[in-house]
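Structural description and commentary
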Amino acid sequence: MIPGKFITLEGIDGAGKSTQLTWIVELLQRAGLQTVVTREPGGTALGEQLRALLLDKTMTMHAETETLLMFAARREHLDKVIIPALSQGQWVISDRFADASFAYQGGGRGLNVDKLSILEHWVQGELQPDLTLYFDVPVEVGMQRVSQIKNVDRFEKEQADFFQRVRAAYLDRARQFPDRIKIIDSSQSLAEVKAAVEQTLKDVLNHG
Ligand code: TMP
């Protein structure tokens, strides 16, 4: 029995999830909850080093190497951060988790979903987020936001067709797990996105 709750944020690059993160945490803290904020790939000393390799735009790697490194970072993250925090009754808010592997490596890179499911089960067992907020934007909107960034990373430099596949895989996954993954229309104004997130979180706080 794990007393804390596990919330993950997902979306294509430029979907605006990181902008929402700060006040989501504030909202949970105002409700008297203890929070741990973390991210993937990353969240541990080893995971952050793997992140640097994975995001390095001068690095080339096989899609399966990329996938294995994502899950290696996740294994460490679960062991060192996520499971200990949840066991202590804390709420863990992670900027990305395994849905990103299904979307980016499965959808984007075309990796076989059965292979991803094997890794998912190996690394996570039955553990899944209690709630995933998927920030959905059209690819053009995400790419327009990313184009403002000076130093794009290995994923951000991908083309529109890649992000179309990533978005389609996220939406497929949201349809597959409607109780866990809530779609937030992130092309709305910031205030509207905030209101939608707040409503979803209140539902979870009240019924969870
Ligand atoms: P971020 O920029 O949102 O922090 O995420 C880093 C990048 O890593 C983002 O482009 C998505 C990518 N990613 C994957 O491809 N697979 C994964 O499993 C995770 C967690 C992230």
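Shown above is the structure to which this text applies.
Right, let's walk through the structure included here. (Residues numbered from 1 in each chain as written. Predicted model: local features only at pLDDT ≥ 70, side-chain atom pairs only at ≥ 80, totals over all residues. Heavy atoms only, no water.)

**As for the site of the ligand**
In the vicinity of the ligand there are 14 residues, among which Lys-17, Arg-51, Arg-96, Ser-101 and Gln-105 approach most closely. The contact in question runs from an oxygen atom of the ligand to an N or O atom on the side chain of Arg-96, over 2.8 Å. Within the side chain of Gln-105, one N or O atom sits 2.8 Å away from a nitrogen atom of the ligand. Protein contact buries 94% of the 480 Å² of open area that the ligand shows by itself. Structurally, the ligand is housed in the largest pocket. If you list the elements that add at least two residues to the shell around the ligand, you get helix 2 (45-55), helix 3 (63-87) and helix 4 (98-108). (Near = heavy atom within 4 Å. Polar contact = N/O pair within 3.5 Å; in protein donor to acceptor, adjacent residues only side chain to side chain. Areas by Shrake-Rupley, 256 points an atom, 1.4 Å probe, with all protein chains shown as cover. 1 Å grid on protein atoms, 1.4 Å probe; cavity = no way out; pocket = protein on both sides within 12 Å on 5 of 7 lines; lining within 4 Å. Sits in = over half its atoms within 2 Å of the grid points. Helix = DSSP H or I, 4+ residues; strand = E, 2+ residues; numbered from the N terminus.)

**Here we look at the packing of aromatic side chains**
The final tally for this structure, using the stated rule, is six aromatic pairs. Geometrically, the ring pair formed by Tyr-104 and Tyr-170 is edge-to-face, given 6.3 Å between the ring centres and 85° between the ring planes. Separated by 66 residues along the polypeptide, Tyr-104 in helix 4 and Tyr-170 in helix 7 (residues 160-176) bring together distant segments of the chain. The class of Tyr-104 is buried, set by a relative accessible area of 6%. Taken together, the aromatic side chains of Tyr-104, Tyr-134, Phe-155, Phe-162, Phe-163 and Tyr-170 make up a single cluster linked through ring pairs. Its end group placed over the ring of Phe-97, Arg-74 keeps NZ or CZ at 5.3 Å from the ring centre. A cation over a ring is seen here: Arg-180 above Phe-177, with NZ or CZ 5.4 Å from the ring centre. (Phe/Tyr/Trp six-rings, centres within 6.5 Å; stacked < 30°, edge-to-face > 60°. Buried < 20%, exposed > 50% of the residue type's maximum accessible area, 1.4 Å probe, protein only. Lys NZ or Arg CZ within 6 Å of the ring centre and 35° of its normal.)

**Overview of the layout of surface pockets**
Of the pockets and cavities examined, the largest pocket occupies roughly 550 Å³. What lines the largest pocket is a set of 27 residues, and nearest its centre among them are Asp-13, Lys-17, Arg-51, Arg-96 and Glu-156. Secondary-structure elements contributing two or more residues to the lining of the largest pocket are helix 1 (17-30), helix 2, helix 3, helix 4 and helix 6 (139-146). The biggest single contributor to the lining of the largest pocket is helix 4, with four residues. Residues belonging to the lining of the largest pocket are distributed by class as follows: 10 nonpolar, six polar and 11 charged. The computed volume of the second largest pocket comes to approximately 190 Å³. Lining the second largest pocket, in full, are Phe-102, Ala-103, Gly-106, Gly-107, Val-113, Ser-117, Ala-169, Asp-172, Arg-173, Gln-176 and Phe-177. Within the residue set of the lining of the second largest pocket, elements represented by two or more residues are helix 4, helix 5 (113-124) and helix 7. (Points joined across faces, edges and corners; volume = space filled by probe spheres on them. Nonpolar A, V, L, I, M, F, W, Y, C, P; charged D, E, K, R; others polar.)

Distances and angles like these do not, on their own, reveal function.
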